[in-house]
Amino acid sequence: MRVAAAAFQSSLCISYQKPTPTHQPTIPLTAKPNSGSSSLHHHPLYTATQTNLSSQVKEKVVCLEIMGIDSGKALSQNPSLHSASLYSIQSIIFFLQSKGILQKDMPRIVGMCPQILTSNIRTDLLPVFIFLSQDLKVPDHDFRRVIKKCPRLLISSVNDQLRPCLFWLRRLGFWDLRALAYHDPVLLVSSVENTLIPKLVYLKSIGFSRDDVLDMVLRCPGLFTFSVENNLKPKFEYFVEDMKGDLEELMEFPQYFSFSLEKRIKPRHMEVVQSGLRVPLPLMLKSTDEEFMDLIR
């Protein structure tokens, strides 16, 4: 473990060269005449009582808006942006571009996590990409794919969140790193104590054994992302009380919990009851509307 820790610390010493004035990201730092500057007077951040805001803040607003980022939302969710320099924002954008993130990805990524724009490249962002490469075995050309799937990776601590969560998931049996990286990276940014464990506890409380629960979450990782009160519990109660189902069916088809109770489960169950047929759970829920209607006819 000490050797691994030393190797990791050593990897963090890789220096990042900030962009020089002659090598800048393709983002505008000031508004063009007759383009965004005139609209600034109508921007919700600049009412008549806020005309004394500094030109630097206004310039950042223009920069963000031209990039397609909602500046009002970004500044309200991340107040540190008010004091951040344009150069520091520029450096972060350039760094992300150097990792394969495209300009067109920025509105969604930054929109979901405005804290990215005030991150520290060396201590916050670089470790995430090292984690993706070394721990999840994601090749450099696939960084964009993973980050687009889960932008919250960029604002998650490797030592406090990502690596401990990966260790816990692997203890459960999540050995497919590719699946974790490309399909279920949201699990890595979830709290083990407050988000993941409560789902296991609930599934065990309704009658499944520990082995059954582990098998279910491995086949349907989405179980970890569903709310107990708003998803798992009401769907289970409907399954037992109205559908008269048994645990064996759910164990074989845990994907049941991924379907909408009101839009899919209830209406299709009622159609099946009226038809007098006995339709297996997967067939009832996975079929297209046309296939389902043909089935119950």
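The preceding data block contains the structure.
My aim in this report is to walk through the structure given alongside it, one point at a time. Since the model is a prediction, treat every value here as computed from it, not as a measurement.

Structural notes on helix 8 (residues 158-172)
Compared with the 21 Å implied by 1.5 Å per residue over 15 residues, the 20 Å span of helix 8 between its first and last C-alpha is a close match. Every buried residue belonging to helix 8 is among V158, L162, C165, L166, W168, L169 and L172, and all of these are buried. Regarding helix 8, its N-cap is S157, as a side-chain oxygen of that residue lies 3.5 Å from the backbone nitrogen of N159 further along. Immediately beyond the C-terminal end of helix 8, within one or two residues, lies G173, with a positive phi of roughly 120 degrees.

What about a negative patch on the surface?
A contiguous patch of negative charge, built from E229, E237, E241 and D242, is present on the exposed surface. Among the structural elements, D242 can be located in the loop between helix 12 (228-241) and helix 13 (247-252).

Remarks on the packing of helix 12 against helix 14 (residues 261-275)
When two helices pack together, their arrangement is captured by the angle between the axes and the distance separating the axes. Taken N-terminus to C-terminus, the directions of helix 12 and helix 14 make an angle of 5 degrees; their axes are 12 Å apart at the nearest point. By the angle class used here, helix 12 and helix 14 are roughly parallel. Along its contact with helix 12, which presents P234, K235 and Y238, the element helix 14 presents L261, I265, K266 and H269. Here the contact of helix 12 with helix 14 is built from residues that sort into four nonpolar, one polar and two charged.

Topic: the packing of aromatic side chains
This structure, assessed with the given rule, holds seven aromatic pairs. Measuring from centroid to centroid gives 5.3 Å for Y256 and F257, while their planes differ by 75 degrees, and the two rings are edge-to-face. Using a relative accessible area of 0% as the deciding quantity, one classes Y256 as buried. F257 sits in the buried class, given a relative accessible area of 0%.

With respect to the pattern of salt bridges
Overall, the coordinates contain seven salt bridges when judged by the stated rule. With a shortest N-O distance of 3.1 Å, D135 and R163 are connected by a salt bridge. Of the two residues, D135 is situated in the loop between helix 6 (121-134) and helix 7 (143-149) and R163 in helix 8; the sequence distance between them amounts to 28 residues. Accessibility expressed as a relative area gives 17% for D135, which makes it buried. By relative accessible area, which is 23% here, R163 ends up partly exposed. For E249, the salt bridge identified is with R278, shortest N-O distance 3.4 Å. Here R278 lies in the loop between helix 14 and helix 15 (281-286) and E249 lies in helix 13, a separation of 29 residues in the sequence. Judged by its relative accessible area of 18%, E249 is buried. With relative accessibility at 68%, the residue R278 sits in the exposed group. Within this structure, R264, R268 and D289 form a network of salt bridges that share partners.

A short note on unusual backbone geometry
The phi torsion at K137 lies on the positive side, around 60 degrees, for a residue other than glycine. Checked against the element boundaries, K137 lands in the loop between helix 6 and helix 7. Here K137 falls in the exposed class, since its relative accessible area comes to 58%. Phi is positive for K244, close to 55 degrees, though the residue is something other than glycine. Secondary-structure assignment places K244 in the loop between helix 12 and helix 13.

Rules used in this analysis
In this convention, every chain numbers its residues from 1, walking through the sequence in written order. Whole-chain, interface and lining totals are the exception, using all residues; otherwise, since this is a predicted model, local features are given only for residues with pLDDT of at least 70 and side-chain atom pairs are given and counted only at 80 or more. The side-chain values count all of the structure's non-hydrogen atoms but skip hydrogen atoms and water molecules. Per the convention used, a helix needs a DSSP run of H or I reaching at least four residues, while a strand needs a run of E reaching at least two, with both numbered from the N terminus. One less than the number of residues in a helix, times 1.5 Å, gives the span that helix is expected to have. Working definition: with a 1.4 Å probe on protein chains only, accessible area under 20% of the residue-type maximum means buried, over 50% means exposed, and in between means partly exposed. In the analysis that follows, any N or O atom pair within 3.5 Å is treated as a polar contact, provided that within protein one partner can donate a hydrogen and the other can accept it, and provided that, for residues neighboring in sequence, both atoms belong to side chains. Patch rule: a residue counts if its relative accessible area is over 30% and it has no salt bridge; like charges are joined within 9 Å, and nonpolar side chains (Val, Leu, Ile, Met, Phe, Trp, Tyr) within 5 Å. The method behind every accessible area is Shrake-Rupley, applied with a 1.4 Å probe, and residues are considered shielded solely by the protein chains displayed. For salt bridges, the criterion is a side-chain nitrogen of Lys or Arg within 4 Å of an Asp or Glu carboxyl oxygen. Residues scored as charged are limited to Lys and Arg (positive) and Asp and Glu (negative), so that His and the chain ends carry no count. Where a charge lies is defined by one atom per residue type: Lys uses NZ, Arg uses CZ, Asp uses CG and Glu uses CD. Angles here are taken between N-to-C directions and fall from 0 to 180 degrees, while the axes themselves are lines fitted to C-alpha atoms, restricted in helices to the stretch in contact. Working rule for angles: under 35 degrees goes down as roughly parallel, over 145 as roughly antiparallel, 65 to 115 as roughly perpendicular, anything else as oblique. Contacts: residue pairs with any heavy atoms within 4.5 Å of one another. Three classes are used: nonpolar for Ala, Val, Leu, Ile, Met, Phe, Trp, Tyr, Cys and Pro, charged for Asp, Glu, Lys and Arg, and polar for all others, with Gly counted as polar. Between rings of Phe, Tyr and Trp, where Trp is taken as its six-membered ring, a pair exists when centres lie within 6.5 Å; planes separated by under 30 degrees are stacked, by over 60 edge-to-face, and by other angles tilted.

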